[in-house]
Structures are given as structure tokens and as C-alpha cells.
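Spelled out, the chains give:
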Amino acid sequence: MVRRSQRELSAVRVPIRLAVLVALFSAGSFVAAQITVDRIGAVMSALRAGQFDKALQLLQPKLEQNPKNAQLWTLRGLALSGKGDKREALGAFHRALGVTPDYLPALEGAAQIEYDSASKDAVELLQHILALRPHDPTSHAMLAVVAYRKGDCATAVRHFRESGPLLDSQPGALQDYGACLVRLKEVEKAVTVFSRVLTQSNDAGTRLRLASVQMMAQRSKEAVETLQPLLEENTVDTEVLELAAMAHEASGNTPEAVRVLRQAILSNPHDVNLYLDFANVSIDHQSYQVGVDMINAGLEAEPKAAELYVARGILYVQLAQYDQAESDFAKADAIDPNQSIGSAAEGLAAVQKNDPEHALATVQSKLANKPKDAFLLYLQADILTQRGPEPGSPEFRQATESAKKAVALRPSLAAAHDVLAKLFLQAGESDAAIDESRRALSSDPKDQTAIYHLIQASRKSGRKGDIPGLLKRLADLRMEGTREEAERNRYRLVEEKSPSTEKPQP
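Quick caveat: nothing in here was measured; it's all calculated off a predicted structure. (Residues numbered from 1 in each chain as written. Predicted model: local features only at pLDDT ≥ 70, side-chain atom pairs only at ≥ 80, totals over all residues. Heavy atoms only, no water.)

1. Let's talk about unusual backbone geometry
Here is step 1 of the chain: We note that Ala118 has phi near 60°; this positive angle belongs to a residue other than glycine.
Here is step 2 of the chain: Checked against the element boundaries, Ala118 lands in the loop between helix 6 (104-116) and helix 7 (121-132).
Here is step 3 of the chain: Even without being glycine, Gln286 reaches a positive phi, approximately 55°.
Here is step 4 of the chain: Positionally, Gln286 belongs in the loop between helix 16 (272-284) and helix 17 (288-301). (Helix = DSSP H or I, 4+ residues; strand = E, 2+ residues; numbered from the N terminus.)

2. Quick word on the environment of Gln228
Here is step 1 of the chain: Locating Gln228 in the fold gives a position in helix 13 (residues 220-231).
Here is step 2 of the chain: Look at Gln228 and you get partly exposed, because its relative accessible area is 32%.
Here is step 3 of the chain: Separated by 12 residues in the primary sequence, Gln228 and Val240 place their C-alpha atoms 9.6 Å from one another. (Buried < 20%, exposed > 50% of the residue type's maximum accessible area, 1.4 Å probe, protein only.)

3. Observations regarding the state of the cysteines
Here is step 1 of the chain: Within the structure shown, the criterion is met by 1 disulfide.
Here is step 2 of the chain: Here Cys153 pairs with Cys180 through a disulfide, and the sulfurs are 2.1 Å apart. Between Cys153 and Cys180, the S-S torsion sits near -80°, and that sign places the bridge as left-handed. Of the two residues, Cys153 is situated in helix 9 (residues 153-163) and Cys180 in helix 10 (residues 171-183); the sequence distance between them amounts to 27 residues. (Disulfide = S-S within 2.5 Å.)

4. Details of the pattern of salt bridges
Here is step 1 of the chain: Tallying each qualifying case throughout the model produces 17 salt bridges.
Here is step 2 of the chain: The partner of Arg161 in a salt bridge is Glu186, and the shortest N-O contact between them spans 2.9 Å. On the criterion of sequence distance, the pair formed by Arg161 in helix 9 and Glu186 in the loop between helix 10 and helix 11 (187-200) is long-range, its members being 25 residues apart.
Here is step 3 of the chain: We note a salt bridge from Glu326 to Arg459, for which the minimum N-O separation is 2.6 Å. Placement of the pair is Glu326 in helix 19 (residues 322-335) and Arg459 in helix 26 (residues 448-460), with a sequence separation of 133 residues.
Here is step 4 of the chain: Residue class for Arg459 comes out partly exposed when judged on its relative accessible area of 31%.
Here is step 5 of the chain: Through salt bridges with shared partners, a single network forms among Glu108, Arg133 and Asp136. (Salt bridge = Lys/Arg side-chain N within 4 Å of Asp/Glu carboxyl O.)

5. A few points about the packing of aromatic side chains
Here is step 1 of the chain: Under the criterion given, the structure shown has 2 aromatic pairs.
Here is step 2 of the chain: Ring plane angle 25° and centroid distance 5.0 Å describe the contact between Phe160 and Tyr177, whose orientation is recorded as stacked. Placement of Phe160 in helix 9 and of Tyr177 in helix 10 is noted, with a sequence separation of 17 residues between them.
Here is step 3 of the chain: What makes Phe160 buried here is its relative accessible area of 1%.
Here is step 4 of the chain: Geometrically, the ring pair formed by Phe375 and Tyr378 is tilted, given 5.5 Å between the ring centres and 55° between the ring planes. Of the two residues, Phe375 and Tyr378 both sit in helix 22 (residues 374-386), 3 residues apart, roughly one turn of that helix.
Here is step 5 of the chain: On the accessibility criterion, Tyr378 (1% relative accessible area) is buried.
Here is step 6 of the chain: In this arrangement the basic side chain of Arg149 is found over the ring face of Tyr115, its NZ or CZ atom lying 4.8 Å from the centre. (Phe/Tyr/Trp six-rings, centres within 6.5 Å; stacked < 30°, edge-to-face > 60°. Lys NZ or Arg CZ within 6 Å of the ring centre and 35° of its normal.)

6. Description of the confidence of the model for the protein chain
Here is step 1 of the chain: Scored by pLDDT, the protein chain comes out at a mean of 83, with 83% of its residues at no less than 70.
Here is step 2 of the chain: For residues 1-37, every residue scores under 50 in pLDDT, and the model assigns this stretch 93 contacts once sequence neighbours within four places are set aside.
Here is step 3 of the chain: When the criterion is pLDDT under 50, residues 342-353 qualifies, and its contacts beyond four places in sequence or with other chains add up to 32 contacts. (pLDDT = per-residue confidence, 0-100. Contact = heavy atoms within 4.5 Å.)

Structural data, given as C-alpha cells:
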């Protein structure tokens, strides 16, 4: 699926308009009596022409004569900003604000610089502007983007709404607005926002995101229409085909969904997600053997894909071929124990994979200060178990004792019961493994690891009659998880955005 990319810091910019300069000298402005209109006019002309050094030369003698004039310091800030000397420009704007704290042109100039550099000081300046001018759309838009960067979508949406039509000239900010609406589960409003984005930026990425949001809003037919121009192109991106297939399936056009999925698989035979999508369609329409055949093709292309073994195992369960299903689940667990059926619900899997020795040392150093911390004891047992110690070895005994202490201190910690069940299985204590797995399920009925351990322990203890029911339960949870993952993937697609190419407005 889509990978997250880096986004530009300034999706919304405050344009330094000539109208701002004119406002400096309008009625009520802070113009010192001794500054002649001609000399100020000359400074303005130089700024309009981009002659920033000339403007600075004209300003210097007047600043020496009037060092407490807010307008002159603001003009100096504008000239320095035009030259690209942001640090000195910010200093000039702050000199102006030191004289006149509510001087809007200086506040705007300083806010733009702080915003562009992603400084936390931008928020205070922008809020100051809104205190003086509550309905300023640009300040609202900038505060919205700042809130979005922090993950505060509730605040971001409030400011985006106050930005009004300004956002129509800022596709990047509009996309942030839409992404926040999705995160807040206001998908119908998100459809409207992403439709606005499409009118401003009619590109493939925008169409893909709009279609994804339409799918979230259960507007599958509209999603197909949105994607149609992309489907008519000679070279179609696999992501487009995948989403189009799901849209066709959701709108009841299964034959077209299957055709598009086959086209996608032919275009990219190594994309595991496509085979998984095909398997889901096969399950929904009880075409289990067709799904098995497609997964077999996927395993020829990607023989070490644990997800494909899990998917085929689920299909075998539907076909009541329980031995084959159990074999596939075991194969998936052997290929990728951290992410397949047999993975623990919690832990430091990513850290362990990168540096298990460091992870263990970190946990043990914390345990020295907190020896009765159930979660730390579980983590120690989990990390030791991942290292594959032999039953009876000191490491194996340490892992077992650590897991036992964890469940004694915190009986509801399902992941600790899972680790202990795995250790009991390795030690040949099937009945004890069954007990621990059932305790895990009492805390978390959707714990797939516990069900998987129950299947293994039931076979070893001769309780084969329990296995079909457990396999069906596991298959149902996997299918539920697959559908939830599809929703998460669509959300990630909405959030994904290429680096902004927007230019400052003149």
C-alpha cells in the first residue's frame, strides 16, 4: 500500500501584498510627521520593484532619526525578508512590535517567518492577529496547518472552516482539511472537501484520494466514476486498479471486480495485497477453490509471504480441509512469527528485530528498579522467547519464570499468557498451554495468538475434535482483521500526499 512521504512545512503562505504596504500609510497609520510622503513613496516603489537594497538604503537615515517608528522597522523587515535574510527580518518586525505591540503588518510579517520555519512561536503571533482581526482567513488557515502537523484535528478543522474560500487556492491545505475530517469520522464532509481539491488539482493522486474517501462514505458507484478517467489510461497504476476492484465489488459488480483484480495481478504479480483482495472476494462469494488457486499463483511469485499462507489457510477452513489449513497457519508462523498468526499482541517486536540484545538490556535495567512491574516482566519473557532458547536451558527457565510472575501480578495481561503458553508448548506441557491460552482469551476474546496456541496444544494432547471449531474461529477473526486493515489502508491513502509544489503567492 501507499507509503507515507515527507510533506512541505508551509502548505499555506501569507502573501506580502502591495495592499499591506499601502495600508502602512493609510489614515490612522503610525507615520511620523517628519517622514515625507515622497521619501516613503520611494521606499514603496523600491519594494514593489524588488529593489530591496535600495529600500534599505532609503530607510537607514530615517530609522536613525526615528528609532521608535513601527512603520519604518516593518518596512525594513519587508525589505530584509525580500532579500531572504529571514533572521534579520524577524528582528526588525520584533523591533516594530516592541514599539507598537498590536501593529498588524509587523505581526503578519513575523508570523509568516515563524510559520515557514515551523517555529512554535508562530502560534502566539497568529493568535495575536486573530485577537485583533478575528475573521482573518489566512491566520486561520495557518493555525489549521500547524494544528494538523501536531495531530490536533479538532482544532485544525475549526480553523480550516474559518479559512473560507482561501483554501480553494491552497490544495495542500485542503487535503490536510479532508484528512482531518476523515480522522474525525466526518467522511461525508471529507468527500465535499476532496471534491474541492479535485477542481483545483485534477491529478491522479487527488482522484485516488477522493475515490478512497467515497468508499469510506459507502459511495462505491461514485468512486468508480471518479476513477474512470484513470482506468482509461494506457498505463494504470496498481493502486488505482486495486481500489477500482474494491469499488466494483462494493457496488455489486463482482465480474468487473474480478476482471480488474486479474488485470492488476498481471501488471504486478509480486504485490501480495492483490492476491489477498482476490481471496476476500472469493470468500465473500463462497468461491473458495478459486481463491486457493489464485493464492497458489501468488505463492509461486512470493513463496515467503506469510500473509498468503494465512489467506490460503482461511480458504481451506471454509473448504473443511482442516489439516491443510493448520499446516498453512504453521508455515506462516514459521516464516514470520512476529507478524503472522502466532505473534504476541503486545511487545517490542520491532525493537527486537533491529536490536534484541539492546532491547533485553533496556528492559532488564528497568526491572532492576521495578522488579514487580508485570509488563516489564512480560517483555523480558517475550524477548527471551524470541531468541529461541532450548527447553531446560537457563534462558528458557528465566523466560518461563518471568512470564509466570507477569501473569501472577497482572492476570488480565493476555500477551503474557500467550508467551507462557508458547513456552509450555515448547516444553511439551500441552495441558498447561491450553490453560494459559484460555486465560488469555478470557481477557481478550479476539486474541488470535491464544487460539493458534490452543490449536497446537489440542493436536498435541489428542483433542483433535476441538480443532475444526478453533480453526473456524481463527479464520473469522483473520477475515475481520483483513477488512479492518483495508479501512486503515484507505485512510493511509487519504493522508498520503506528495511534497507540495505550491509557490508563494505574489
